[in-house]
Amino acid sequence: MIRIDLSKPAINEAKLKHEKYFSAKVETRINEFLKVYQILEEPSLMKFPRKRIEKNLSKRFLNENYLMSLEEVYTKEDRIRIFKVYLKILNYLSDKRSDILIGEAVELDEIVEHIEHNFKKNLFIKLPNKQLKWNKSFKPLQQALNYIFDYNKLIKIKRTWDAFDLAASLDVKVCPYCNRQYTFTIVKKASNKRIDSKNKLVRHEFDHFYCQLYHPYLALSLFNLVPSCTICNSVLKHDKKISSKTHINPYKEGFEDDVKFRTGISVKQFIRYGRSANIIQIKLKKIVVDDKKKIKRAYKNVELFQLEAIYNEHKDIAGEIFRTSEDYEFKDLKKQFSEYDTPNTSFSKFSIDQYRSVLRNYSSPTDFGKRPLAKFTRDIAEETGLLQKLQAGGMQK
């Protein structure tokens, strides 16, 4: 729900390092498979060219299961057509290698759209439950893509570029999908100031926004790797097929002010029912309706990440905000704190300090990614009127 800030200088450096580390490796592996599929496309072939394939493919990848699946495709009547598709896809990915590795979300969307528009009917079979599975004739290509864009090459800890280095460069403190869990990266520097692999201690998970199952060619794409918590990545999203058209992609947008947490009750109702958090029901309500497609995407995220169900476990925090709002009254204190005043803004530095001291969180959407529950806290504070009281210089009764 929170957009990832891409303006940090370290991100440009990360792009350079990421491309430098992976570009040549990816190119070499693509070329290996291009040679193999060019051989298999030859009309004059009389039998399966096992030895020629073994000669061109790396021993690290080559195994009997792959050769058997490749041979099965070779025996098909339309094998030349099939291998032509293999070659078209690999040549396209080779041409787009830089965009695949470090292109931003918009460029990745274009690559996915091109592959799906031109090759989806070849690559996948639609099941009765509307899920997709790889066409058996293209399973060898899937295996090849998994090897070419090998995610394990990133997550394996090493002194040179790896997932720890990428996570540190992105510096995302809180899961952008749920805004509930910290996603710190902790790397301990040695006394000689060199970073040893043993000192890479803790990092968050990376979610593949375009999942590896259906988009193996984006497994190493920097801006397809979303820093996320275990619940959002491994438990809730896992390998579900989504896109920037269907869901909110945190590398492109968030819904900080479009959809807000609401309880549907007033402070007076909260008091009337005994100030119990049990009467609170957390919902996410659309506030801005100008962009209906974005609102639809936002609600898809709400559903996918079970945000309403999960945030209803935080009723106690909402109740505390209701009680705090009850304890505050409007009083203009700006004149007494003129050194804090900021011209032309409704939220002076004094009121920002007040907000932080009272709610122990951040009030600006641009800061929501700094601390868990920042958006939830701001939204409920706004609904109860506490936000407005603090903006006006409110104080405790």
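A short tour of the structure in this document, coming up. Remember, predicted model here, so these are calculated numbers, not experimental data. (Residues numbered from 1 in each chain as written. Predicted model: local features only at pLDDT ≥ 70, side-chain atom pairs only at ≥ 80, totals over all residues. Heavy atoms only, no water.)

1. A look at the overall build of the protein
Phase 1 of the analysis: Helix and strand content of the protein: 17 helices and 10 strands.
Phase 2 of the analysis: In the protein, of all internal contacts separated by at least 6 residues, the share reaching a separation of at least 24 is 71%.
Phase 3 of the analysis: Carbon and sulfur atoms form 49% of the exposed surface of the protein, whose accessible area is close to 20400 Å².
Phase 4 of the analysis: Charge-centre separation for the protein: the mean point of 75 positive side chains lies 3 Å from the mean point of 51 negative side chains. (Helix = DSSP H or I, 4+ residues; strand = E, 2+ residues; numbered from the N terminus. Contact = heavy atoms within 4.5 Å. Areas by Shrake-Rupley, 256 points an atom, 1.4 Å probe, with all protein chains shown as cover. Lys, Arg positive; Asp, Glu negative; His and termini not counted. Charge placed at Lys NZ, Arg CZ, Asp CG, Glu CD.)

2. A few points about unusual backbone geometry
Phase 1 of the analysis: In this model, His238 sits at a positive phi of 50°, which is unusual for a non-glycine residue.
Phase 2 of the analysis: Its place among the elements puts His238 in the loop between helix 10 (230-237) and strand 7 (259-262).
Phase 3 of the analysis: Positioned with a positive phi, Arg360 is a non-glycine residue whose angle comes to about 55°.
Phase 4 of the analysis: Secondary-structure assignment places Arg360 in the loop between helix 15 (349-359) and helix 16 (374-384).
Phase 5 of the analysis: With relative accessibility at 55%, the residue Arg360 sits in the exposed group. (Buried < 20%, exposed > 50% of the residue type's maximum accessible area, 1.4 Å probe, protein only.)

3. Structural notes on the packing of helix 1 (residues 9-41) against helix 4 (residues 79-95)
Phase 1 of the analysis: As a packed pair, helix 1 and helix 4 sit with axes 9 Å apart at the nearest point and diverge in direction by 160°. Here helix 1 is positioned roughly antiparallel relative to helix 4, judged by the angle of their axes. Once helix 1 is placed against helix 4, the crossing between them reads as left-handed. Contacts between helix 1 and helix 4 involve Ile30, Phe33, Leu34, Tyr37, Gln38, Leu40 and Glu41 from the first element and Arg79, Ile80, Phe83, Lys84, Tyr86, Leu87, Leu90, Asn91, Leu93 and Ser94 from the second.
Phase 2 of the analysis: Counted by class, the contact of helix 1 with helix 4 contains 11 nonpolar, 3 polar and 3 charged residues. (Axes fitted to C-alpha atoms, helices over the stretch in contact; angles between N-to-C directions. Parallel < 35°, antiparallel > 145°, perpendicular 65-115°, else oblique. Left-handed = near helix turned anticlockwise from the far one by under 90°. Nonpolar A, V, L, I, M, F, W, Y, C, P; charged D, E, K, R; others polar.)

4. A word on the packing of helix 4 against helix 6 (residues 105-123)
Phase 1 of the analysis: It is at 11 Å that the axes of helix 4 and helix 6 come closest, and there the two elements cross at 175°. Classed by the angle they form, the pair helix 4 and helix 6 counts as roughly antiparallel. Facing Arg81, Val85, Lys88, Ile89, Tyr92 and Leu93 of helix 4, the residues of helix 6 in contact are Glu110, Ile111, His114, Ile115, Phe119, Asn122 and Leu123.
Phase 2 of the analysis: Here the residues of the contact of helix 4 with helix 6 are counted per class, giving 8 nonpolar, 2 polar and 3 charged.

5. Quick word on helix 7 (residues 139-148)
The periodicity of an α-helix, 3.6 residues per turn, causes residues three or four places apart in sequence to face the same way.
Phase 1 of the analysis: With respect to burial, helix 7 is a largely interior element, 7 of its 10 residues being buried.
Phase 2 of the analysis: Of all the residues in helix 7, the buried ones are Pro140, Leu141, Gln142, Ala144, Leu145, Tyr147 and Ile148.
Phase 3 of the analysis: Residues of helix 7 that are buried in the fold lie against helix 1, helix 3 (64-74), helix 4, helix 6 and strand 2 (132-134).

6. Quick notes on the pairing of strand 7
Phase 1 of the analysis: Covered by surrounding structure in strand 7 are Val259 and Phe261 together with Lys260 and Arg262, the residues of both alternating faces.
Phase 2 of the analysis: Inspection of the sheet shows strand 7 paired to strand 8 (residues 283-286) by 4 bridges, in the antiparallel sense. Looking across to strand 8, one finds that Phe261 is bridged to Leu284. (Pairing = 2+ DSSP bridges.)

7. Topic: helix 1
Phase 1 of the analysis: For helix 1, spanning 33 residues, the distance from its first C-alpha to its last is 47 Å, which sits close to the expected 48 Å at 1.5 Å a residue.
Phase 2 of the analysis: By the largest-angle criterion, Phe22 marks the main kink of helix 1, which is about 35°. (Expected span 1.5 Å × (residues − 1). Bend = angle between axes of the 7 residues up to and from the residue.)

8. A word on the pattern of salt bridges
Phase 1 of the analysis: Under the definition given, this model contains 26 salt bridges.
Phase 2 of the analysis: We note a salt bridge from Arg50 to Glu64, for which the minimum N-O separation is 3.1 Å. Here the residue Arg50 occupies a position in helix 2 (residues 50-56), and Glu64 occupies one in helix 3, the gap between them amounting to 14 residues.
Phase 3 of the analysis: As a salt-bridge pair, Arg297 and Glu253 come within 2.9 Å of each other at their nearest N and O atoms. In this pair, Arg297 sits in helix 12 (residues 292-304) while Glu253 sits in the loop between helix 10 and strand 7, placing the two residues 44 residues apart along the sequence.
Phase 4 of the analysis: By relative accessible area, which is 14% here, Glu253 ends up buried.
Phase 5 of the analysis: Each of Asp257, Lys260, Arg262, Lys375, Arg378, Asp379 and Glu382 takes part in one network of salt bridges that share partners. (Salt bridge = Lys/Arg side-chain N within 4 Å of Asp/Glu carboxyl O.)

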